[in-house]
Amino acid sequence: MSREGEAPPQAEKQVNDLFDSEGLAQAIETEDFKVFLDHIPIAIVVSRLVNGDQRIVYANKPYEELTEQSVAEIRAKGWSILDSFRLEDEPRLPFSEALASGDDYIGTFKREQPKLALVEAYSSIIENEDAGKTYRIVALIDVTEREKAQREEFARRLRDKDMLLRELQHRVKNNLALITALIRLDARNQRNGDRVNLDRLAGRIESLQLLYEDLSVEGLGQSIDLGHYLSQIATRVMHTYAVDGIRLDLKVDHAPVSINIAMPVGLLVNELLTNAFKHAFEGRPTGTVTVRCLHERGTRHYKVVVADDGIGLPEAVSWPSHGKLGALILQSLRENVETDFKVESDPGRGMRVTIGFAHNPPLPKSN
């Protein structure tokens, strides 16, 4: 059966209020965004409300590969295009009916023909004040190769741990919302005449992808090692923006945290590192970017530091800027844990951002 999630957190509401839905349609119609979405490793399909009915306006390549339906075949059609998929626990219920009665996690669906496929379906509504511009984004995750017995055991563990189930649902819901927000943000900038920075956008999505990789079936839900996660992000950003003479000073502790903390912290660190490597050393041949993730075992205290010895912030400029994505991510973090957030900048001597919080580490992974 479809399940309705809890009310969306305030940060997600702010995202939906801040960016209008026209940006999504414009982004989808550009070749650059089509290429970008084609590389997201899950099937994504988007519909738009037209004359009271949702009609498909976009699907990426993973969707075409999963369903064997081309974009040309499904464009302007309704969600009945997926009715060959039936809810696994209620085979009489086709996909379109299950989708109409639920949001967030819709359920697990099975298709017998033309070839066996099993998918987990997630959905998010993108609303605008103008009801004629309401969108629905659906993600289909292919779990065909996962044995039914494994999935049943996985589901049993989640039922035994209600908090883990809520985290799983919120993870997918928040990631869909973030993907949508990132697309709309850059689409809006493009409409204002700014050049769309696909490298920065790809870096944000890569941060989420790294989080997915750490959430393997064996380790899902118990904890994320924030130190390991941030070291992966720092290494990826360094590889993307590396400049001769600029070095990365990285030191991380084992720091188990919940996913609701790891995701916003990782995105904040990605934003800070991208800014540092691109802007902090203009006109300077050398410099150091420092990343620390500190956690004394047996305590509740964590501290993340991102610093550079570059030129510092310009006068009268603060970070994160109100209304920008960094501010929204920080708000999301503060909704999950009480956060001590400090920004220090000294012109000509660099910038230092400290994120401190107290957190009860999740329990060790169970066998």
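Going by the structure above, here's the rest.
Because the structure is a prediction, the values reported are computed rather than measured.

A.B. asks: It is not clear to me how the sheet that holds strand E6 (residues 135–142) should be interpreted in this structure. Could you clarify?
C.D. replies: Backbone-to-backbone hydrogen bonds join strands into a sheet, with any given pair of strands oriented parallel or antiparallel. Read from one edge of the open sheet, 6 strands run E2-E1-E6-E5-E4-E3, paired in antiparallel fashion. Bordering the open sheet on either side are strand E2 (53–59) and strand E3 (86–87), each of which pairs with just one other strand. As judged from the 2 bridges shared by E3 and strand E4 (residues 104–111), these two strands associate in the antiparallel manner. Note on E4: the bridge partner recorded for Leu 87 is Phe 109.

A.B. asks: Just to check I follow, could you spell out the packing of aromatic side chains for this structure?
C.D. replies: For any pair of aromatic rings, the description consists of the separation of the ring centres together with the inter-plane angle of the planes. Overall, the coordinates contain 5 aromatic pairs when judged by the stated rule. Seen in terms of ring centroids, Tyr 105 and Tyr 122 are 5.2 Å apart; in terms of plane orientation they differ by 50°. Their pairing is tilted. One end of the pair, Tyr 105, is in strand E4; the other, Tyr 122, is in strand E5 (residues 117–126), with 17 residues separating them in the sequence. For the ring pair Trp 319 and Phe 341, a centre distance of 6.4 Å and an interplane angle of 35° mean the geometry is tilted. With Trp 319 in the loop between strand E11 (301–308) and helix H12 (325–336) and Phe 341 in strand E12 (residues 339–346), this residue pair connects regions lying 22 residues apart in the sequence. As far as the burial class goes, Trp 319 and Phe 341 line up, both buried. Put simply, the rings of Trp 79, Phe 95 and Phe 109 touch in pairs and so form one group of aromatic residues.

A.B. asks: Would you explain the pairing of E12 in this entry?
C.D. replies: Sheet faces and side chains relate simply in a regular strand, where the side chains alternate between the two faces. As paired elements, E12 and strand E13 (residues 350–358) share 8 bridges and run antiparallel to each other. Across the sheet, residue Val 343 finds its bridge partner in E13, namely Val 353. The hairpin turn running from E12 into E13, its antiparallel successor, is 3 residues long, and Gly 348 in that turn takes a positive phi close to 85°.

A.B. asks: How do you make sense of the sheet that holds E11 when you look at a structure like this?
C.D. replies: With respect to topology, 5 strands assemble into an open sheet ordered E8-E10-E11-E13-E12, the strand pairing being mixed. Each edge of the open sheet is held by one strand with a lone partner, namely strand E8 (246–252) and E12. Neighbouring strand axes in the sheet, compared pairwise and without regard to direction, differ in orientation by 10° on average. Pairing geometry for E11 and E13, over 8 bridges, is antiparallel. When the sheet's bridge partners are listed, Lys 303 is paired in E13 with Gly 356. Packed on one face of the sheet, helix H10 (residues 226–241) meets E8, strand E10 (287–295), E11 and E13 and runs near 170° to E8.

A.B. asks: Honestly, the environment of Glu 64 in this entry has me stumped. Any pointers?
C.D. replies: Relative to the assigned elements, Glu 64 resides in helix H4 (residues 61–67). Counting along the chain gives 19 residues from Glu 64 to Val 45, while the straight-line C-alpha distance between them is 9.6 Å. If near-sequence neighbours (up to four positions away) are discounted, Glu 64 is found in contact with Gln 69, Ser 70 and Val 71.

Calculation criteria
- Residues numbered from 1 in each chain as written.
- Predicted model: local features only at pLDDT ≥ 70, side-chain atom pairs only at ≥ 80, totals over all residues.
- Heavy atoms only, no water.
- Pairing = 2+ DSSP bridges.
- Helix = DSSP H or I, 4+ residues; strand = E, 2+ residues; numbered from the N terminus.
- Phe/Tyr/Trp six-rings, centres within 6.5 Å; stacked < 30°, edge-to-face > 60°.
- Buried < 20%, exposed > 50% of the residue type's maximum accessible area, 1.4 Å probe, protein only.
- Axes fitted to C-alpha atoms, helices over the stretch in contact; angles between N-to-C directions.
- Contact = heavy atoms within 4.5 Å.

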